[in-house]
Amino acid sequence: MSSSPSSRPTALVTGATAGLGAAYARSLARRGHDLVVVARDVERLESTASALRTEFGVEVEVLAADLSDRAALQRVADRVGSREAPVDVLVNNAGFGLRQRFVDGEPADHERMFDVLCRAVMVLSRAATGAMVPRGRGRILNVGSVAGLVPGGGHYSAAKAYVIVLTETMAGELRGTGVSATVVEPGYVRTEFHARSGMSSGGTSSLSSRIWLDIEDVVDASLEDLFAGRPVSVPTKRWKAVSAVLDVVPRRVVSSVWNRMPSGAKRRHPTAGE
Ligand SMILES: NC(=O)c1ccc[n+]([C@@H]2O[C@H](COP(=O)([O-])OP(=O)(O)OC[C@H]3O[C@@H](n4cnc5c(N)ncnc54)[C@H](OP(=O)(O)O)[C@@H]3O)[C@@H](O)[C@H]2O)c1
């Protein structure tokens with residue numbers, strides 16, 4: 001793995017080959033960052049890296065890793081924590097959904113979800129703070145979801161709630177260190193997420209087009225909040241309003257409304273905004 005000899009800051013983005021992660025990588029490259037791109041599919045990583053180098057003239061390292069694999073995750077953590085080739089911005093973005101209730105499905109799928117959505121975020125955030133705090137600077141962006149505010153969206157909601165609370169906790173602990181942590185809580189964004197989770201047909205395709213967020217709006221708003229050091233980012237006014245309501249309505253009320261919804265609707269939209 002080559003270290004970046006350039007004077008540009010370096011951003012490491014997990015899940016950088018598709019959807020939000022690819023958009024974060026492009027936007028950070030446009031803002032003058034060298035990149036470390038992480039995902040499982042090596043060919044896709046190489047073509048993503050090559051496109052970024054050509055379009056933005058930045059350096060791009062490819063780090064193939066399945067974040068549900070502990071040894072692979074440790075390799076990514078070692079890169080995040082490198083003293084010789086510092087990572088200035090960490091974007092914990094990789095993720096996926098499960099179109100099923102928590103009590104259904106295979107235990108292995110739920111363990112993989114926990115490992116990628118929670119464990120990897122925790123391990124990489126710790127590696128980042130361990131390296132960034134002594135340097136007195138650094139930015140960590142964790143991708144949560146509005147679903148993390150809804151008890152009832154299966155394991156996914158619980159995992160995103162973990163990401164939200166962990167990031168807000170980090171933000172408080174990091175105050176005054178020069179390092180900041182931000183959680184972005186997007187609503188629905190058109191990416192590969194829904195098809196990969198088996199939610200594309202008869203599911204999210206039936207959602208009103210007004211509910212969908214523009215991917216660039218999500219990335220621009222959350223990077224602005226990240227670089228301003230804000231702990232929470234909810235892109236767009238519409239989803240800010242949804243989030244504000246979910247913040248004040250008692251959890252038991254949200255849960256009871258959700259549980260009274262027709263089971264078909266719950267199955268189609270298990271995460272109420274991924
Ligand atoms: N789309 C939405 O509506 C929405 C809304 C709110 C929040 N989010 C969150 O946004 C994040 C990005 O989702 P997306 O919508 O952009 O999904 P996406 O288009 O399916 O992209 C997922 C990315 O994560 C990588 N990835 C998946 N599993 C991985 C693993 N085990 N190890 C390493 N990389 C892995 C994928 O690459 P490989 O397959 O090559 O590994 C891919 O680059 C997720 O955390 C998701 O929960 C999405």
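All residue numbers refer to position in the chain's written sequence, counted from 1. Residue-level local features of this predicted model are given only where pLDDT is at least 70; pairs of side-chain atoms are given and counted only at 80 or more, and the full residue set underlies all totals for whole chains, interfaces and linings. Values shown for side chains rest on all heavy atoms present in the structure; no hydrogens or waters enter the calculation.

1. Description of the overall build of the chain
1) Next: Scanning the chain for helices and strands turns up 10 helices and 7 strands.
2) Next: A radius of gyration in this sense is built from C-alpha atoms; the matching globule rule multiplies 2.2 Å by the number of residues raised to 0.38. A compact globule built from 274 residues would reach a C-alpha radius of gyration of about 19 Å, and the chain, at 18 Å, matches this within 12%.
3) Next: Each of the three principal axes of the chain carries a C-alpha extent, and together these read 55 × 40 × 35 Å.
4) Next: For the chain, buried positions account for 51% of its 274 residues.
5) Next: Carbon and sulfur atoms form 52% of the exposed surface of the chain, whose accessible area is close to 12500 Å².
6) Next: Side chains of the chain carry 34 positive and 29 negative charges; the gap between the two charge centres is 6 Å. A run of DSSP states H or I qualifies as a helix once it reaches four residues; a run of E qualifies as a strand once it reaches two. Both are numbered from the N-terminal end. Between buried and exposed lies partly exposed: a residue is buried under 20% and exposed over 50% of the maximum accessible area for its type, with that area taken using a 1.4 Å probe on protein chains only. All accessible areas in this document rest on Shrake-Rupley with a 1.4 Å probe, and a residue is counted as covered only by the protein chains that are shown. His is not counted here, nor are the chain ends, while Lys and Arg score as positive and Asp and Glu score as negative. Charge positions come from single atoms, namely NZ of Lys, CZ of Arg, CG of Asp or CD of Glu.

2. Description of the packing of aromatic side chains
1) Next: In this analysis, rings of Phe, Tyr and Trp, with Trp reduced to its six-membered ring, are considered paired at centre separations within 6.5 Å, and the interplanar angle assigns stacked below 30 degrees, edge-to-face beyond 60, and tilted for intermediate values. Applying the stated criterion across every chain, the model contains 3 aromatic pairs.
2) Next: Between Y156 and F193, the aromatic rings sit 5.5 Å apart at their centres with planes inclined by 70°, giving edge-to-face as the arrangement. With Y156 in helix α5 (residues 154–174) and F193 in helix α6 (residues 193–196), the pair connects residues that are 37 residues apart, well separated along the chain. We note that Y156, like F193, is buried.
3) Next: Cluster of aromatic residues (ring-pair linked, three or more members): Y188, W212 and W239.
4) Next: A cation over a ring is seen here: R112 above F96, with NZ or CZ 4.5 Å from the ring centre. Criterion for a charge above a ring: Arg CZ or Lys NZ at most 6 Å from the ring centre, at most 35 degrees from the ring normal.

3. Focus: the pairing of strand β2 (residues 34–39)
1) Next: Judged by how many residues are buried, β2 sits mostly within the fold: 6 of 6 residues are covered.
2) Next: Neither face of β2 is left uncovered, since the one carrying D34, V36 and V38 and the one carrying L35, V37 and A39 both have all their residues buried.
3) Next: Between any two strands, pairing holds if DSSP finds at least two bridges. Sheet topology places strand β1 (residues 10–14) next to β2; 5 bridges connect them, and they run parallel. When the sheet's bridge partners are listed, L12 is paired in β2 with V36.
4) Next: For a crossover, the right-handed case is the one in which the path from the first strand over the helix to the second runs clockwise, viewed with the strands pointing away from the viewer. In this fold, β1 hands off to helix α1 (residues 19–30), which returns the chain to β2; that crossover is right-handed.

4. Considerations on the nonpolar core
1) Next: Nine residue types can take part in a nonpolar core, namely buried Ala, Val, Leu, Ile, Met, Phe, Trp, Tyr and Cys, and a core is a set of them joined through side-chain atoms within 4.5 Å. Core analysis: the biggest nonpolar cluster contains 44 residues, and Y24, L35 and L52 have the highest contact counts within it.
2) Next: Working rule for contacts: check all heavy atoms of both residues, and any pair within 4.5 Å makes them a contact. Those residues within four positions of L52 in sequence are excluded, and the remaining contacts are A25, R26, A29, L35, V37, G57, V58 and V60.
3) Next: One finds L67, A77, A94 and A127 within the second-largest nonpolar core, a separate group that totals 26 residues.

5. Brief notes about the packing of helix α3 (residues 70–80) against helix α4 (residues 107–135)
1) Next: Close contact between α3 and α4 brings their axes to 8 Å; oriented N to C, the two are set at 25°. Judged by the inter-axis angle, α3 sits roughly parallel to α4. Classified by chirality, the crossing of α4 by α3 is right-handed. Contact residues: R70, L73, V76, A77 and V80 in α3; R119, A120, V123, L124, A127, A128 and A131 in α4.
2) Next: Just so you know the grouping, Ala, Val, Leu, Ile, Met, Phe, Trp, Tyr, Cys and Pro go in nonpolar, Asp, Glu, Lys and Arg go in charged, and all remaining residues, Gly too, go in polar. Broken down by class, the residue content of the contact of α3 with α4 amounts to 10 nonpolar, no polar and 2 charged. For helices, the axis comes from a line fit to the C-alpha atoms of the stretch in contact; other axes are also lines fit to C-alpha atoms, and the angle between any two N-to-C directions lies between 0 and 180 degrees. Working definition: roughly parallel below 35 degrees, roughly antiparallel above 145 degrees, roughly perpendicular at 65 to 115 degrees, and oblique for all remaining angles. Crossings are sorted by hand: turned counterclockwise from the far helix by less than a right angle, the near helix makes the crossing left-handed, and turned clockwise it makes it right-handed.

6. Examining the environment of S68
1) Next: Tracing the chain through its elements places S68 in the loop between β3 (60–64) and α3.
2) Next: For S68, a relative accessible area of 18% puts it in the buried group.
3) Next: Distance in space between the C-alpha atoms of S68 and S208 is 34 Å, their sequence separation being 140 residues.
4) Next: The residues contacting S68, other than those within four sequence positions of it, are R112, D115 and V116.
5) Next: Here a polar contact is recorded for every N or O atom pair within 3.5 Å, except that within protein the pair must consist of a potential hydrogen donor and a potential acceptor, and residues adjacent in sequence are included only if both atoms are side-chain atoms. Here D66 takes part through its side chain, which lies 2.7 Å from a polar atom of the side chain of S68.

7. Brief notes about a negative patch on the surface
1) Next: Surface patches are drawn from residues lacking salt bridges whose relative accessible area is over 30%; two like charges belong together within 9 Å, two nonpolar side chains (Val, Leu, Ile, Met, Phe, Trp, Tyr) within 5 Å. Salt bridges are identified by distance alone: a Lys or Arg side-chain nitrogen within 4 Å of an Asp or Glu carboxyl oxygen. Together, D214, E216, D217, D220 and E224 give the surface a local cluster of negative charge.
2) Next: Tracing the sequence through the fold places D220 in helix α7 (residues 215–227).
3) Next: Judged by relative accessible area, D220 falls into the partly exposed class, the value being 36%.

8. Let's talk about the sheet that holds strand β4 (residues 89–92)
Strands belonging to one sheet form pairs held by backbone hydrogen bonds; the direction of such a pair is parallel or antiparallel.
1) Next: Strand order in the open sheet formed by 7 strands is β3-β2-β1-β4-β5-β6-β7, with parallel pairing between adjacent strands. Of all the strands in the sheet, just β3 and β7 (232–233) have a single pairing partner and so form its edges.
2) Next: Pairing between strand β5 (residues 138–143) and strand β6 (residues 179–184): 6 bridges, direction parallel. Across the sheet, I140 pairs through a bridge with A181, a residue of β6.
3) Next: Along the sheet face, α1 touches β1, β2, β4, β5 and β6 and points at about 170° away from the line of β1.
4) Next: Against the sheet, α7 engages β4, β5, β6 and β7, with an angle of about 140° to β5.

9. Focus: the confidence of the model for the chain
1) Next: A residue's pLDDT is the confidence the predictor assigns to it, expressed on a 0 to 100 scale. Across the chain, pLDDT averages 91, with 91% of residues at or above 70.
2) Next: Mean pLDDT in the chain bottoms out at helix α10 (residues 263–268), which sits at 49, and peaks at β4, which reaches 99.

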